[in-house]
Amino acid sequence: MISTHHISLVGFMGSGKSTVGKALARILQRPLFDTDSLIETRKEKSVAEIFTAEGEAKFREYERQLLLELVNAPQPSVIVCGGGTPCFAGVMDILNAHTATFYLYTPVDILYARLKNEAAQRPLLQGKEDLQKFIETLLAQRELFYKQAKFIINTAGKTAKEIAEEAATASA
Ligand code: S3P
């Protein structure tokens, strides 16, 4: 049976998914699952360490396996996806089949301002000469997936709490 009782948040790195997810889980009184944190706990390695030691393809496999487990859990939850999670191996279709999907749209200049000092923790951003251009290009590719979300929220100028309240209302 297809069920959409879970809520999932997708969007680019720096779009505020984790913070909004926490606020949304609090509002809806649901458990929160953050794919990056869960993978780090289970593998006992940071995402950056997994990329270095096992490669990106392995990380994408971990994300997909975890997602399949989370969407099949009986209790309604809030699922925060990593920025690339929905863009590989049919994951966006899985999310749309089993969850109410929200794309947290955030303009490139805001993403750049938030990400420019964070390359160390984010393996995809390391060593990029023109970071703003890189974000622009990758975002354009990824929006093919993100924009398949059932709901799109423009996060510009809003607090995490406001975005979470908007998502809670839309999903009711
Ligand atoms: C990634 C985003 C990160 C993390 C990994 C890869 C991506 O998650 O999963 O570094 O491909 O965009 P956040 O979006 O939570 O930063």
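Shown above is the structure to which this text applies.
Now for a look at the structure at hand. (Residues numbered from 1 in each chain as written. Predicted model: local features only at pLDDT ≥ 70, side-chain atom pairs only at ≥ 80, totals over all residues. Heavy atoms only, no water.)

## Structural notes on the overall build of the protein
Moving on, step 1. On a plain count of helices and strands, the protein comes out with eight helices and five strands.
Moving on, step 2. Start at the N end of the protein and walk to the C end: the helices and strands fall as β-α-β-α-α-α-β-α-β-α-α-β-α.
Moving on, step 3. Against the globule reference of 16 Å for 172 residues, the protein gives a C-alpha radius of gyration of 15 Å, in line with a compact fold.
Moving on, step 4. Taken along its principal axes, the extent of the C-alpha atoms in the protein is 45 × 35 × 25 Å.
Moving on, step 5. Expressed as a percentage of its 172 residues, the buried residues of the protein come to 44%.
Moving on, step 6. Surface accessibility of the protein: about 8600 Å² in total, with carbon and sulfur atoms responsible for 53%.
Moving on, step 7. When the 20 basic and 20 acidic side-chain charges of the protein are each reduced to a single mean position, those positions are 3 Å apart. (Helix = DSSP H or I, 4+ residues; strand = E, 2+ residues; numbered from the N terminus. Rg over C-alpha atoms; globule rule 2.2 N^0.38 Å. Buried < 20%, exposed > 50% of the residue type's maximum accessible area, 1.4 Å probe, protein only. Areas by Shrake-Rupley, 256 points an atom, 1.4 Å probe, with all protein chains shown as cover. Lys, Arg positive; Asp, Glu negative; His and termini not counted. Charge placed at Lys NZ, Arg CZ, Asp CG, Glu CD.)

## Here we look at the pattern of salt bridges
Moving on, step 1. Evaluation of the coordinates by the stated rule reveals 10 salt bridges.
Moving on, step 2. With a shortest N-O distance of 2.8 Å, Glu69 and Arg42 are connected by a salt bridge. Note that Glu69 is positioned in helix α4 (residues 56–71) and Arg42 in helix α2 (residues 35–43), a separation of 27 residues in sequence.
Moving on, step 3. Where Glu165 meets Lys161, a salt bridge forms, and the shortest distance between an N and an O atom there is 3.4 Å. Taken together, the positions of Glu165 and Lys161, both in helix α8 (residues 160–171) and four residues apart, correspond to about one turn of that helix.
Moving on, step 4. Look at Glu165 and you get partly exposed, because its relative accessible area is 37%.
Moving on, step 5. Ionic contacts of the salt-bridge type, sharing partners, join the residues Glu56, Arg60 and Glu63 into one network. (Salt bridge = Lys/Arg side-chain N within 4 Å of Asp/Glu carboxyl O.)

## Points about the packing of aromatic side chains
Moving on, step 1. Within this structure, the stated rule accounts for four aromatic pairs.
Moving on, step 2. The interplanar angle of 15° and the centroid separation of 4.5 Å between the aromatic rings of Phe102 and Phe151 together place this pair among those described as stacked. Placement of the pair is Phe102 in strand β4 (residues 99–105) and Phe151 in strand β5 (residues 151–154), with a sequence separation of 49 residues.
Moving on, step 3. Put simply, the rings of Tyr103, Tyr105 and Tyr146 pair up and form one aromatic cluster.
Moving on, step 4. The ring of Tyr62 carries Lys43 above its face, with NZ or CZ at 4.0 Å from the centroid.
Moving on, step 5. The ring of Phe134 carries Lys128 above its face, with NZ or CZ at 4.7 Å from the centroid. (Phe/Tyr/Trp six-rings, centres within 6.5 Å; stacked < 30°, edge-to-face > 60°. Lys NZ or Arg CZ within 6 Å of the ring centre and 35° of its normal.)

## Re the packing of α4 against helix α5 (residues 91–98)
Moving on, step 1. Their axes nearest at 10 Å, the elements α4 and α5 cross at an angle of 10°. The angle between α4 and α5 places the two elements in the roughly parallel class. Between α4 and α5, the contacting residues are Arg64, Leu67, Leu68 and Val71 on the first element and Val91, Ile94, Leu95 and His98 on the second. (Axes fitted to C-alpha atoms, helices over the stretch in contact; angles between N-to-C directions. Parallel < 35°, antiparallel > 145°, perpendicular 65-115°, else oblique. Contact = heavy atoms within 4.5 Å.)

## Some words on the site of the ligand
Moving on, step 1. Residues in close proximity to the ligand total 13 residues, the closest being Lys17, Asp36, Arg60, Arg122 and Arg142.
Moving on, step 2. Here an oxygen atom of the ligand sits 3.3 Å away from a polar atom, N or O, in the main chain of Gly84.
Moving on, step 3. Relative to its unbound accessible surface of 390 Å², the ligand loses 93% to contact with the protein. (Near = heavy atom within 4 Å. Polar contact = N/O pair within 3.5 Å; in protein donor to acceptor, adjacent residues only side chain to side chain.)

## Things to note about the environment of Leu67
Moving on, step 1. Tracing the chain through its elements places Leu67 in helix α4.
Moving on, step 2. The sequence separation of Leu67 and Leu95 amounts to 28 residues, and the corresponding C-alpha distance is 8.1 Å.
Moving on, step 3. In this structure, Leu67 is in contact with Thr35, Cys81, Thr85, Val91 and Leu95, ignoring residues within four places of it in sequence.

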